[in-house]
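# Descriptive analysis of the structure
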Amino acid sequence: MTNPSSVRIVDSADVSADAVIGAGTSVWHLAQVREGARLGANCIVGRGAYVGTGVVMGDNCKVQNYALVYEPARLADGVFIGPAVVLTNDTYPRAINPDGTIKSAHDWEPVGVTIERGASIGARATCVAPVTIGAWATVAAGAVVVKDVPAYALVAGVPARRLGWVGEAGHPLVAGETPGDWVCPVTGKRYTESDGTLFKENV
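Just so it is clear, the model here is predicted, and its values are computed rather than measured. Every chain is numbered independently, its residues counted from 1 as its sequence is written. For a predicted model such as this one, the threshold for reporting local features is a pLDDT of at least 70, and the threshold for listing and counting side-chain atom pairs is 80 or more; totals across whole chains, interfaces and linings nevertheless cover every residue. Hydrogen atoms and water are omitted, and side-chain values are computed over all heavy atoms in the structure.

### Description of the overall build of the chain
- On a plain count of helices and strands, the chain comes out with zero helices and 26 strands.
- Radius of gyration here uses only the C-alpha atoms, and the compact-globule reference equals 2.2 Å multiplied by the residue count raised to the power 0.38. Rg of the C-alpha trace for the chain: 18 Å, near the compact-globule value of 17 Å for 203 residues, within the 12% margin.
- Reported as C-alpha extents along the three principal axes, the dimensions of the chain are approximately 60 × 50 × 25 Å.
- Relative accessibility under 20% of the residue-type maximum defines a buried residue, over 50% an exposed one, and the middle range a partly exposed one, all with a 1.4 Å probe and only protein chains included. Counting all 203 residues of the chain, 39% fall into the buried class.
- Contact definition: two residues touch when any of their heavy atoms are within 4.5 Å. Sequence-distant contacts, at least 24 apart, represent 16% of the contacts inside the chain between residues at least 6 apart.
- With residues, only the protein chains shown are counted as cover, and all accessible areas are computed by Shrake-Rupley using a 1.4 Å probe. Of the accessible surface of the chain, which amounts to about 10,400 Å², a share of 53% is contributed by carbon and sulfur atoms.
- A residue counts as positive if it is Lys or Arg and as negative if it is Asp or Glu; His and the chain ends are not included. Charge positions are represented by NZ for Lys, CZ for Arg, CG for Asp and CD for Glu. Looking at charge distribution, the chain has the averaged site of its 16 positive side-chain charges lying 5 Å from that of its 19 negative ones. Helix and strand definitions follow DSSP, with helices as H or I runs of at least four residues and strands as E runs of at least two, each counted in order from the N terminus.

Below is the structure:
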């Protein structure tokens, strides 16, 4: 295991010797990080969380208590995974084959959830693979995501639907003076909506 001196792994955590852990990362009580997982710098893996085999996390990610990040999930920099979130990896789950034999790792092909930079997944939400959560999007607590979420979207419900837009500060955007213009009430940054896609204006 790559283990810079600044890494903090508590005694009760189960971290594979084959995992790569970035500088400044903390893995807390009863968490499990499996073989081949690659965690970037300054990440936090909370109590009881699970990070599956070969999962890749960027820098500055937070995986809160009891979240389940199943392989082959890919998390970009700055992703927030709330408490008890589930990122699934089996589109058609079965414990057994049609002949009654127990399924093995060779009987199915895992598919992953991709979460882009700065996105947040609220507590107890479930993302059903394969879906992509766009950059800076927010998935509300308890939502079930079954299709891709565009960048900056705020989605909620079962199944999750877009309710509005959020800025990079995480707050819902407010409508600007002209249709298609949106403004962050915290930072004042402006965004433009076109054909269901939101773009941040470069100033």
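On we go from here.
### Details of the sheet that holds strand β25 (residues 190–194)
- The pairing criterion for strands is at least two bridges between them, as found by DSSP. Strand order in the open sheet formed by four strands is β23-β24-β25-β26, with antiparallel pairing between adjacent strands. The open sheet has two free edges, formed respectively by β23 (174–175) and β26 (197–200), since each of these has just one partner strand.
- The pairing of β25 with β26 spans four bridges and is classified as antiparallel. Across the sheet, Ser 194 pairs through a bridge with Thr 197, a residue of β26.

### Concerning the sheet that holds strand β16 (residues 120–121)
- If you walk across this open sheet you meet the nine strands as β1-β4-β7-β10-β13-β16-β19-β21-β22, and the pairing is mixed. Both edges of this open sheet fall to β1 (8–9) and β22 (161–165), since each of them pairs with a single strand only.
- When β16 meets strand β19 (residues 138–139), the two strands line up parallel, connected through two bridges. Of the residues in β19, the one forming a bridge with Ile 121 is Val 139.

### Considering unusual backbone geometry
- Note that the residue after Glu 71, namely Pro 72, is joined by a cis bond; omega there is 5°.
- With respect to the helices and strands, the residue Pro 72 is situated in the loop between β11 (68–69) and β12 (74–75).
- Of note, the phi angle at Tyr 152 is positive, near 70°, even though the residue is not glycine.
- Following the sequence through the fold, Tyr 152 ends up in the loop between β20 (144–145) and β21 (153–156).

### Looking at the pattern of salt bridges
- Here a salt bridge means any side-chain nitrogen of Lys or Arg lying within 4 Å of a carboxyl oxygen belonging to Asp or Glu. Counted according to the given criterion, the structure contains three salt bridges.
- Glu 193 is the partner of Arg 162 in a salt bridge, and the nearest nitrogen-oxygen pair spans 3.9 Å. Residue Arg 162 is found in strand β22, and its partner Glu 193 is found in strand β25; the two are separated by 31 residues along the sequence.
- With relative accessibility at 26%, the residue Glu 193 sits in the partly exposed group.
- With its nearest N and O atoms 3.3 Å apart, the salt bridge here joins Lys 200 to Glu 168. With a gap of 32 residues between them, Lys 200 in strand β26 and Glu 168 in the loop between β22 and β23 connect regions that are remote in the sequence.
- A residue is classified by how much of its surface remains accessible, and Lys 200, at 30% relative accessible area, is partly exposed.
- With relative accessibility at 30%, the residue Glu 168 sits in the partly exposed group.

### A few points about the side chain of Ser 26
- You can see Ser 26 is positioned in strand β4 (residues 26–27).
- The contacts of Ser 26, once residues within four sequence positions are left out, are Arg 8, Cys 43, Ile 44 and Val 45.

### Topic: the state of the cysteines
- Here, a disulfide means two cysteine sulfur atoms that sit within 2.5 Å of each other. As enumerated under the stated definition, the model contains zero disulfides in all.
- No disulfide involves Cys 43; its sulfur sits 4.6 Å from that of Cys 61, the nearest cysteine.
- The class for Cys 43 is buried, based on a relative accessible area of 0%.

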